[in-house]
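# Examination of the molecular architecture
Take a look at the letters that make up each chain.
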Amino acid sequence: CEVINQSKIGDAYYFARRPYDDDETATISASGPANVTIVQFTTEDYYDSLTVGGMELSGDLTDSLPMNFALPEGPGEILWASDASVNDKGWALLLRQFGATADFHLDAVKPLAGELEVLAAYGRNEFPGEGFTVKIGDSDRHALPSSAFAPVSIDFADMDPAAGVVGGVVTIALANGSEDGGVSSYRVDFADTQ
C-alpha cells in the first residue's frame, strides 16, 4: 500500500493511514530493538487490523492510547490489512529504533575490490540515503599493517666482500595466502643502526 503517510519526527519514524480504503495490505519492515507507539487507532472491528509485535489490533482503541510495543532485536514487521467493506478513521504510529551501530564480521578473504558497499536492508527506514561505500585496505596512516600479511621471515646475505659496502640478496618467506595475490609487493628499506 503506497498511500501510507511516512515521515520522520525527531528520533522516530511516523507511519499513518487515515482514512483508509477497502482491500489494503501493507508491510512496514524494521529492525529491532525498536519501540512502536500507537498514537491513533480506529478501524472496522475484527476485519481491518494492524499487527504489531505479534499482537493483532482492530476496532476503536482510542481510550487505550497511546499503546507501546517492543520489537525484539533483528528483523521485524508491522502488518496492515483491510477487508472489502466498511472503513473507519484509520491509524498512526511512531517507530523508534535503537542501536546506532551494527557489528559486521567479515571472514578473511582476498579482496575483489578496493571498496565495500553498505546498503540498508530496509531502505529509508534504516538509512535515509541510497547507501555508501567505504574504502577497504590492510592499513592506513593510523593503523599498522595487518600481521596476517607479514612475511614469515626476512633474510639478507651480503654478497659484496668490501668493507662499508652492502650488496646482496634479500630473501622473503611469504605469509600464508600471500602467494595467491593477497600481497602484491613488499618494500625493503636499508638503514644503519644509528
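To keep things clear, this report deals only with the structure shown in the data block.

## Focus: the sheet that holds strand β3 (residues 25-42)
Pairing in this open sheet of seven strands is antiparallel, and the strands run β1-β2-β7-β3-β6-β4-β5 from one edge to the other. The sheet is open, and its two edges are formed by β1 (5-9) and β5 (55-57), each paired on a single side. Going from strand to strand, the sheet's axes swing by 25° on average, the running direction of each strand aside. Direction of pairing for β3 relative to strand β7 (residues 90-97): antiparallel, over a ladder of eight bridges. Opposite I38, over in β7, you have L93 as the bridge partner.

## Examining the pattern of salt bridges
Following the criterion strictly, the structure yields three salt bridges and no others. One salt bridge in this structure joins R96 and D11, with 3.1 Å as the shortest N-O distance. Here D11 lies in the loop between β1 and β2 (12-17) and R96 lies in strand β7, a separation of 85 residues in the sequence. With relative accessibility at 25%, the residue R96 sits in the partly exposed group. For D11, a relative accessible area of 51% puts it in the exposed group. The network of salt bridges with shared partners includes R17, D21 and E24.

## Observations regarding the nonpolar core
Of all hydrophobic cores here, the largest spans 23 residues; its most connected members are V36, I38, L50, W91, L93 and L95. Elements represented by at least two residues in this core include exactly β2, β3, β4 (49-52), β6 (67-81) and β7. The element that contributes the greatest number of residues to this core is β3, accounting for seven residues. If sequence neighbours within four positions are ignored, V36 has contacts with V52, M67, N68, F69, L71, I78, L93, L94 and L95. Listed in part, the five residues of the second largest apolar core include Y14, A16, A92 and L94.

## Structural notes on the packing of aromatic side chains
Geometry of an aromatic ring pair is reported as the spacing of the ring centres plus the angle between the planes. As enumerated under the stated definition, the model contains two aromatic pairs in all. Ring centres of Y20 and W80 lie 4.9 Å apart, and the angle between their planes is 80°; this geometry places the pair in the edge-to-face category. Here Y20, found in the loop between β2 and β3, pairs with W80, found in strand β6; they are 60 residues apart in sequence, far enough to count as distant. Judged by its relative accessible area of 2%, Y20 falls in the buried class. Using a relative accessible area of 3% as the deciding quantity, one classes W80 as buried.

About the criteria used
Starting afresh in each chain, residues are numbered from 1 along the sequence in its written order. Totals for whole chains, interfaces and linings use all residues, but because this is a predicted model, local features are given only for residues with pLDDT of at least 70 and pairs of side-chain atoms are given and counted only at 80 or more. Processing note: side-chain calculations cover all non-hydrogen atoms of the structure and skip hydrogens and water entirely. For two strands to be treated as a pair, DSSP must find no fewer than two bridges joining them. Numbering goes from the N terminus for both helices and strands, where a helix is a DSSP run of H or I of at least four residues and a strand is a run of E of at least two. The axes used here are C-alpha line fits, helices contributing only the stretch in contact, and every angle between their N-to-C directions lies in the interval 0 to 180 degrees. Whenever a carboxyl oxygen of Asp or Glu lies within 4 Å of a side-chain nitrogen of Lys or Arg, that contact is scored as a salt bridge. Buried residues are those whose accessible area, probed at 1.4 Å on protein chains only, stays under 20% of the maximum for their type, while exposed residues exceed 50% and partly exposed ones sit between those limits. Here, nonpolar core refers to any group of buried Ala, Val, Leu, Ile, Met, Phe, Trp, Tyr and Cys residues whose side-chain atoms link them within 4.5 Å. Note on definitions: a residue-residue contact is assigned when non-hydrogen atoms from the two residues lie within 4.5 Å. Note on ring pairs: Phe, Tyr and Trp rings are taken, using the six-membered ring of Trp, and paired if centres are within 6.5 Å. Classes follow the plane angle, with under 30 degrees stacked, over 60 edge-to-face and the rest tilted.

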